[in-house]
Amino acid sequence: MKAPPTSPQPDGVERDLFGEEPRTECKEAADERTELTNKSIVRVQLEGSAALELDYLVPSRLEGRLTVGSRVLVPLQRQQVPAVVMEVMSDSPHRGKLKAAISLVGSKPMFTAGLLALAKWMTEYYIIPRYQVLRTMLPQVVREKPETFLKDSRLSLVAMPPHDTWEKMLKTAPMQARVLDAVKAAGGQITLSSLRRDLPRAAGIIKPLLKAGWLSRTETRVERDPFQDEEFMPSQALTLTAEQQEAVDATAKALAKPAEARPLLLHGVTGSGKTEVYLQTIARVLESGLTALVLVPEISLTPQTIERFKSRFSDRKERIAVLHSHLSDGERHDEWFKVQEGRADIVIGARSAIFAPLERLGIIIVDEEHEPSYKQDETPRYHARDLAVVRAKIEGCVVLLGSATPSLESFENASRGKYELLRLTRRTDGKTLPYIRIVDMRLERRKGTAVAPQHAGMISAKLHAAITSRLEKREQTILFLNRRGFNTSLTCTACGETVQCQDCSVPMTLHKHDHRLVCHVCGARRLPPSKCPSCSDPAIKFAGFGTERVEEAVRALFPQARIARVDTDTIQRKNQLRDMLRDFRAQKLDLLIGTQMIAKGLDFPNVTLVGVLNADIALNLPDFRAAERTFQLLVQVAGRAGRGEIKGEVMVQTYAPHTPAVQFARHNDFEGFAQQELEHRQAFRYPPFSHVVLISSRGKHQARAEFALQTLHRRLTEALPADVVMGEPVPSPLAKAHGQFRFHLLLRTPRIRALTAHIHRILRSITLPDDVIVVWDVDPVSLL
């Protein structure tokens, strides 16, 4: 495929990919071709859309500077394209025909040896070109604008003027006097940007002061720190329980001999102090001069999580880097380079932080390892938890996976002895797990006990009474519903037609605040119709409820309560979630309504009641993991209650109270649930007793998308490994999305490498329609 083209600039000068004018080095490299014949050679992987590895000569000016993992600009068909050095060689069969590399991108290699080894593993396991993996490993802002640091002027006070000069300055140049006073008050040094906050015209005012010698100026690099305005109170290590001490000791044993250690799985109930185990383990890692990488789900990467680490390691809080999608481009750029330059000992981040260029890795911690958000939903479709295990093996470090509800894959690995299982069975400080009460909403409807007809099926009488009691006691409540919007569907009572998105096979959701129907798949918006679009009957009715409607109902039922809603509709600006959670922790709010954004990782001691409004949402999805997800979510949400001195209560409203997922969650019986669910998985050869590959086709023409997958299915049957179970091409559960029809094909096998090699061979030999996109997902976490 073609390499990215350069684009002409307004001044008519063609610039390279990084906005720089073509360097004379390119011409020099061509002129000096004969002088390069005895120089080193680098084999590079182009970063463009072509999966090419090419050899280039190393010019004298780059000799000794190009190493494995460096990014370089190389000439390719009259263009300058970025590439990554994969190997430094002394010779090449094409030596006499080689061009020279143009320039080095960045002052240090962008990829460590460990990351390049990880990229190789990903290429083979996930059947994806290496250039795509390398592009994924670097944040976009780092790829496009490497080392574009923010500069500032640092002003230093050389001397204060003599008394007479100072008196005259106060009368004739009072602004200059203010500047000198400001610098002196700041301890003799201040940045120009700080000075300009109070004196916007400071850049002009300082000129005569610099000329007179009262001030000096130096250029300095300014870190765009996302937490520069935050204050973190130092915290001390807590006294460990016996179980926590056993977990820390087991981790220390693994740290002593990491090459021999198995991955560690920390199974601890909610509130059992897993975070304290992480913190004390990391402290030991840092004492050994090593670094730590902590992965948390994006949804759990709250200010509270970051605050715990910054407070505990307050003496080196400047050496903690945070990497996640909510940072600005500048913040992400600077945080990434802080890691690359060796100025960070701890990296905390979401899924993509697994690619942080940390050296001397001592431990990788994956918190809430069961979370599906660790799986990337676009190419390359990697799973960060699995990559953590692989990277730990490559780097020779320890990997610690933690969860109150481990994934069945990890739990089965522990049962087989591949992982070492550590347990925390009790909450810290003698606190007990909350009492979980199941509310059968079928009986509520039959008895007609709803607190108000318009709220039937939403707030049961029992939940209403429990909330009232908490408000009277000045205790706090969380209401959980994993569905946004006001009404979840709009249906005609005459013909039964439901208003669906034109581009997706899902009902549109009413968002009352905007008075718009919104598709939660593609984001399409439209006005609600006043009559049925199909039969024109005005008897059209809204049904279902989301968090927006729950908020309206709760405000009507409890007008005296201080209420907030947390979902992606309400959290629009930076730090809004942080401020809202701080208000809730400071008890400025009585009741918090939210989606899974508030389900995990939060610790509010005054929360004594959690209400789950519709526990059945995910139970009936056509996915073999539906029961597991429901169980995990119920246990995690329930864990938000009773973390203080008062015992907590959880009320789970459900129309399916006797399903195993609900009943096992009620008793917080993970092992009971796992045993039953694993029996079902084994009977039908689903993970963890096999690997799954999901191949999908999509296109605007339904017949062509289906035919493409049928053709691929027919070709895959040729020489298919005997232990592979392959289904038939069928429409996806979400049959249409973003205007494209979707079909999928499921394959299961105990030997994933043999299957992926077979798929790779077939994909290279088959030609598919240009308007049909075929993607494959190794070890998918969702079949929708």
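Here, every reference points to the structure presented above.
Below is a short write-up of the structure.

The next subject is the pairing of strand β1 (residues 41-46). By the criterion of burial, β1 is predominantly enclosed, with 5 of the 6 residues buried. Pairing of β1 with strand β2 (residues 53-57), which is carried by 5 bridges, proceeds in the antiparallel orientation. If you follow Val44 over to β2, its bridge partner there is Leu54.

Turning to its location among the elements, Arg442 is positioned in helix α15 (residues 441-447). C-alpha of Arg442 to C-alpha of Phe664: the two residues are 222 residues apart in sequence and 20 Å apart in space. Among all residues touching Arg442, those that are not within four sequence positions of it are Tyr655, Pro657 and His658. One polar contact links Arg442 to Asp440, side chain to side chain, over a distance of 2.8 Å.

What follows deals with helix α9 (residues 242-256). Counted at 1.5 Å a residue, the expected span for α9 with its 15 residues is 21 Å, and the 21 Å between its end C-alpha atoms agrees. Those residues of α9 that are buried lie in contact with β9 (264-268), α10 (274-287), β13 (361-367), β14 (398-403) and β15 (420-424).

Before going further, it helps to examine the pattern of salt bridges. With the rule as written, the count across this model stands at 43 salt bridges. The partner of Asp777 in a salt bridge is Lys375, and the shortest N-O contact between them spans 2.9 Å. One end of the pair, Asp777, is in strand β31 (residues 772-778); the other, Lys375, is in the loop between β13 and α13 (384-395), and 402 residues separate them in sequence. For the pair Asp777 and Lys375, one class covers both residues: buried. Between Asp386 and Arg385 there is a salt bridge whose closest N-O contact spans 3.2 Å. Residues joined by salt bridges that share partners form a network here, namely Arg221, Glu223, Glu341 and Arg343.

What follows covers the nonpolar core. Among the nonpolar cores identified, the biggest contains 73 residues, and Met122, Met137, Leu293 and Ile695 are the most heavily contacted of them. With 7 residues, the top contributor of residues to this core is helix α2 (residues 113-125). Apart from the residues within four sequence positions on either side, Leu293 is in contact with Val347, Ala353, Ile354, Ala356, Leu358, Leu361, Ile363, Ile364, Ile365 and Arg391. Listed in part, the 41 residues of the second largest apolar core include Ala564, Val566, Ala615 and Ala638.

Our next topic: the state of the cysteines. Following the criterion strictly, the structure yields 0 disulfides and no others. Not engaged in a disulfide, the cysteine Cys522 finds its nearest cysteine sulfur in Cys501; these two sulfurs lie 3.7 Å apart.

A word on the packing of aromatic side chains. Evaluation of the coordinates by the stated rule reveals 13 aromatic pairs. Look at Phe584 and Phe604: their rings are 4.9 Å apart centre to centre, the planes differ by 85°, and that puts the pair in the edge-to-face class. Of the two residues, Phe584 is situated in helix α18 (residues 576-585) and Phe604 in the loop between β24 (591-594) and β25 (607-612); the sequence distance between them amounts to 20 residues. Classification of Phe584 by relative accessible area gives buried; the value is 0%. Since its relative accessible area comes to 2%, Phe604 is described here as buried.

Cut-offs and rules
- Here the residue index of a chain counts from 1 through its sequence in written order.
- Only residues with pLDDT of 70 or above have their local features reported here, since the model is predicted, and side-chain atom pairs are shown and tallied only from 80 upward, although totals for entire chains, interfaces and linings are computed over all residues.
- Derived side-chain values reflect all non-hydrogen atoms in the structure, with water molecules and hydrogen atoms excluded from consideration.
- When a residue's accessible area, from a 1.4 Å probe over protein chains only, is under 20% of the maximum for its type it is buried; when over 50% it is exposed; and in between it is partly exposed.
- Helix and strand labels come from DSSP, where a helix needs a run of H or I of at least four residues and a strand needs a run of E of at least two; each type is numbered from the N terminus.
- Strand pairing is assigned whenever DSSP identifies at least 2 bridges connecting the two strands.
- Residue contacts follow a heavy-atom distance rule, with two residues in contact if any of their heavy atoms lie within 4.5 Å.
- Any pair of N or O atoms that falls within 3.5 Å is considered a polar contact. Within protein, one atom must be able to donate a hydrogen and the other to accept it, and sequence-neighbouring residues count only if both atoms are side-chain atoms.
- Here, expected helix span is obtained from the residue count minus one, scaled by 1.5 Å.
- The rule for a salt bridge is simple: a side-chain nitrogen of Lys or Arg has to be within 4 Å of a carboxyl oxygen of Asp or Glu.
- Buried Ala, Val, Leu, Ile, Met, Phe, Trp, Tyr and Cys residues that are joined via side-chain atoms within 4.5 Å together make up what is termed a nonpolar core.
- Note that a disulfide, as used here, is simply two cysteine sulfur atoms within 2.5 Å.
- Two rings belonging to Phe, Tyr or Trp (six-membered ring only in the last case) form a pair when the distance between their centres is within 6.5 Å. Interplanar angles under 30 degrees mark stacking, angles over 60 mark edge-to-face geometry, and anything in between is tilted.

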